[in-house]
Amino acid sequence: MALQFSWASLSRNLILAYQSFGVVYGDLSTSPLYVFRSTFVGKLQHHQNEDAIFGAFSLIFWTLTFIPLLKYVVIVLSADDNGEGAPGFSFKQMLIDIVCIIASADVLPKLLHFVSGGTFALYSMLCRHAKFGLLPNQQAADEELSAYKYGPSRQGQSSLPLRRFLEKHKKIRTALLVVVLLGTSMLIGDGVITPAISVLSAVSGLQVTESLLTTHEVLLIACVILVGLFALQHYGTHRVAFIFAPIVIIWLISIFSIGVYNTIKWNPKIVHAISPYYIVKFFNETGKDGWISLGGVLLSITGTEAMFADIGHFSTFPIRLAFAVFVYPCLVVQYMGQAAFLSKNIPAIRNSFYNSIPEPVFWPVFIIATLASIVGSQAIITATFSIVKQCHALGCFPRVKVVHTSKHIYGQIYIPEINWILMIITIAIAIGFRDTTLIGNAYGLACMTVMFITTFLMALVLVFVQQRNIMLVAAFLLFFWLIEGVYLSSALMKVPQGGWVSLLLSFVFMVVMFVWYYGTHKKYNFDLHNKVPLRWILGLGPSLGIVRVPGVGLIYSELATGVPAIFSHFVTNLPAFHTVLVFVCVKSVPVPYVSPEERFLIGRICPRPYRMYRCIVRYGYKDIQRDNGDFENILIQSLAEFIQMEAVEPSLSNSDSASFDGRMAVISSTRTFQTTSSLVVSEVEDFGAINTIQSSKSLTLQSLRSSYDDEHPPMRRQQVRFQLPPNPVMDPSVREELMELIQAKEAGVAYIMGHSYVKARRSSSFLKKLVIDIGYSFLRKNCRGPSVALNIPHISLIEVGMTYYV
């Protein structure tokens, strides 16, 4: 059995590593097409000699070694948010894992626990281990989720003062969120710039070989290719990866072979340039011009961030394996061979890559280079889908349609709206600039800004999550910030020459995210401060002062505690309400995934005769809310189980009316409704002690269900099977409540949702009115409606309008 598991794990890892070539490494592997040309264009035109070329290669080699290999593969990918293996990175363990995979021995114990990467993944871990987050509806019960904690549970003493300082000052925590939004905006901007530069590079090569093609014809071909590329995205990452992966693999093998050939033929001494000594010689000769030219060297690592952002599509280990074993050696050898060729052919710098190709294989390599350049944009497109999904789940992006494209690999998604918006902006940039050098300036600035921010967030994760020594973390931060700061300063010099595009795109995306977050936060605060008093509901009596008709009413609200103001609006305007009322709150928690056993948090509002309950449905920021038709059945089953546990466990019931809406329980329900699991009970509003109750009873309710069916044969059956202890000594009130629950379910389920309008108060400042009345209102009108995002059946939906003055 262990051997079979090893072979199955081996095959799945190799398949994912194979797929990662077409999705993750397409952009990074095509950089040799333009790195040397971009480096020696401009200020270095007067320094084109052998020493400068040797120095440029040495810079490229150490940049590839320090940032993609050391920083991302070894360190950053260890912070994959509930990913494989133990928390923290271990270089020794990583080598052992590689040997185990090759030898088909036992593999990672937590294989293929698909995770998500990017700046929001780091921010999510920080929010869970320290009170850095600004999400308004978090509860103490969320901290009991099995996926909530990452790494050691206790906080290191050395980091406590820093942690308390950050938690105490809300402005600092807000600034941290702004930094995260900036990094995310830059990464989304990459999703626009990368396809433009990749496709234009490929088509520009076609113009070199076919001089009869005009600039307009080349641009038209580029636009057609871009449309086709984005049209492929709806097939899903796994299908696109299998199409693109062979192209990238053949491309890497080709450039590796060409690099070996050029190194041996033209200048084997280029191997000596691996020494950092040649970097010193480079700057001694070029001075300030060499520093400005670093913007070209920077292009050798563009696409590196996709390794972290695309973790959710593959997994950590396959990405590490593919880069360390295959991608990194191929790129190093190719740059080495290209430098060896240029050292003996200085005039060939402008088209260095194509000129370095041996003539007999020129056309095959040209064709595969063109295809690989097109594939290069795939990495950041798929990464953008993952990042937008995370932003939306954490309340920082308008509602969008998320399509889960694979039944087997949970993290692979497609977002139609984002796909077509990216396509339109990408085509606009390609038509507007036409010059790959100008687009490259914008590209380098965006990539290095994201890397710079990732280094900062990773340092915080090392301190507060992995509890590393602060001095070692400070050394890590200073070391990589020194390297990336030099590159970033060089990229900032190119802002007037195209770099402004990155700043403009990131500003637009950042404004959209911040406006949505601000408006959502204000709307939630309005609900929080205008909750319906429990005494008012109790004063209405069990009938709520109106007629209670058969059926289940699911009242959707963003509040995790209390009754929203819109309920009183319902009561005063509707002549009747359902027999069973359930206040449903669908919320995101700062974890990648929530297991189905922990998804439902059930509680009671008001005494038992009122038949009013609360259900909190929790999703992680990588969870997909599927429309599988089981939600109603699982909810009713959870309510029935809660009623049973409330009767058995005294801690779940309390005669004191003031405590109602305080006790809640995590109810474990599966699709077959067979459960033997633990329940977690907590004081939600006052965050009191948490008690764990073990329920090992086999629950069956065939007799109660059969008796109801005998009494009501004409009713249409919904095929809901409740379960209670066999031959129970059941309290009459409990039996009555369960019977009413069954009758209500048979009568039908209605979804009640407020159609809200958010406006700024008259006394608000002009800026607030601009953000709420124009910005936030525009986004709400043009994004997916909440009923669509929550997969609510339209035929059962009741919407009641209400205006929020915030």
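For the structure, check the block above.
Per chain, residues are indexed from 1 in the order of the written sequence. Given that this is a predicted model, residues contribute local features only at a pLDDT of at least 70 and side-chain atom pairs are listed and counted only at 80 or more, while totals for whole chains, interfaces and linings are drawn from all residues. Side-chain metrics in this entry use all non-hydrogen atoms of the structure; hydrogen atoms and water are not considered.

## What about the overall build of the chain?
Now for step 1: Counting its regular elements, the chain contains 29 helices and 11 strands.
Now for step 2: In the chain, the proportion of contacts linking residues at least 24 apart, taken out of those at least 6 apart, comes to 83%.
Now for step 3: Values of accessible area rely on a 1.4 Å probe in the Shrake-Rupley scheme; residue burial ignores everything except the protein chains shown. For the chain, the accessible surface area stands at approximately 32100 Å², while carbon and sulfur atoms represent 63% of it. Strands here mean DSSP runs of E at least two residues long; helices mean DSSP runs of H or I at least four residues long; both are numbered from the N terminus. Note on contacts: a residue pair is in contact if any heavy atoms of the two residues lie within 4.5 Å.

## A few points about the packing of helix α4 (residues 50–75) against helix α11 (residues 277–286)
Now for step 1: Angular values range over 0 to 180 degrees, each being the angle between N-to-C directions of two axes fitted as lines to C-alpha atoms, with helices fitted over their stretch in contact. Where α4 contacts α11, the axes come no closer than 8 Å and their chain directions differ by 125°. Our classification of the angle between α4 and α11 gives oblique. The handedness of the crossing between α4 and α11 comes out as left-handed. Of the residues in α11, those in contact with Asp 51, Ala 52, Phe 54, Gly 55, Ala 56, Ser 58, Leu 59 and Trp 62 of α4 are Tyr 278, Ile 279, Lys 281, Phe 282, Phe 283 and Glu 285. By the definition adopted for this analysis, an angle is roughly parallel if under 35 degrees, roughly antiparallel if over 145, roughly perpendicular if from 65 to 115, and oblique otherwise. By definition, turning the near helix anticlockwise from the far helix through less than a right angle yields a left-handed crossing, and turning it clockwise yields a right-handed one.

## What about the environment of Lys 745?
Now for step 1: Checked against the element boundaries, Lys 745 lands in helix α27 (residues 732–747).
Now for step 2: Spatially, the C-alpha atoms of Lys 745 and Thr 579 are 9.9 Å apart, while their sequence positions differ by 166 residues.

## A short note on the pattern of salt bridges
Now for step 1: The rule for a salt bridge is simple: a side-chain nitrogen of Lys or Arg has to be within 4 Å of a carboxyl oxygen of Asp or Glu. Throughout the structure, instances matching the rule amount to 7 salt bridges.
Now for step 2: Notably, a salt bridge pairs Glu 737 with Arg 604, separated by 3.0 Å at the nearest N-O pair. A residue pair is termed long-range when its members are at least 10 positions apart, and Glu 737 in helix α27 and Arg 604 in strand β5 (residues 600–605) qualify at 133 residues.
Now for step 3: The closest approach of N and O atoms between Glu 740 and Arg 611, which form a salt bridge, is 2.9 Å. Remark: Arg 611 occurs in the loop between β5 and β6 (612–620) and Glu 740 occurs in helix α27; sequence separation between them is 129 residues.
Now for step 4: Think of it in three bands: with a 1.4 Å probe and only protein chains considered, a residue is buried below 20% of the maximum accessible area for its type, exposed above 50%, and partly exposed in between. Residue classification places Glu 740 among the partly exposed residues on the basis of a relative accessible area of 22%.

## What about helix α6 (residues 119–129)?
Now for step 1: The element α6 is largely enclosed, with a buried count of 11 among its 11 residues.
Now for step 2: Along α6, the residues that are buried comprise Thr 119, Phe 120, Ala 121, Leu 122, Tyr 123, Ser 124, Met 125, Leu 126, Cys 127, Arg 128 and His 129.

## A few points about the nonpolar core
Now for step 1: Throughout, nonpolar core names a set of buried Ala, Val, Leu, Ile, Met, Phe, Trp, Tyr and Cys residues whose side chains join them through atoms within 4.5 Å. By size, the foremost hydrophobic cluster in this structure holds 161 residues, and its most contacted members are Phe 21, Tyr 25, Phe 36, Phe 57, Trp 251 and Phe 353.
Now for step 2: Counting residues per element, this core draws most heavily on helix α20 (residues 436–464), which supplies 18 residues.
Now for step 3: The contacts of Phe 353, once residues within four sequence positions are left out, are Pro 32, Leu 33, Trp 251, Ile 255, Gln 334, Gln 338, Val 365 and Ala 369.
Now for step 4: By size, the runner-up hydrophobic cluster in this structure holds 33 residues, among which are Val 532, Val 563, Val 571 and Met 802.

## Here we look at the side chain of Arg 399
Now for step 1: Structurally, Arg 399 can be placed in the loop between α18 (378–393) and β1 (403–404).
Now for step 2: In this charge count, Lys and Arg are treated as positive and Asp and Glu as negative; neither His nor the chain ends contribute. There is no salt bridge for the buried Arg 399, and the closest opposite charge comes from Glu 558, which lies 5.5 Å off by N-O distance.
Now for step 3: Apart from residues no more than four positions distant in its own chain, Arg 399 is found in contact with His 392, Trp 516, Arg 780, Cys 783, Arg 784, Gly 785, Pro 786 and Ala 789.

That's the geometry; what it means functionally is another story.
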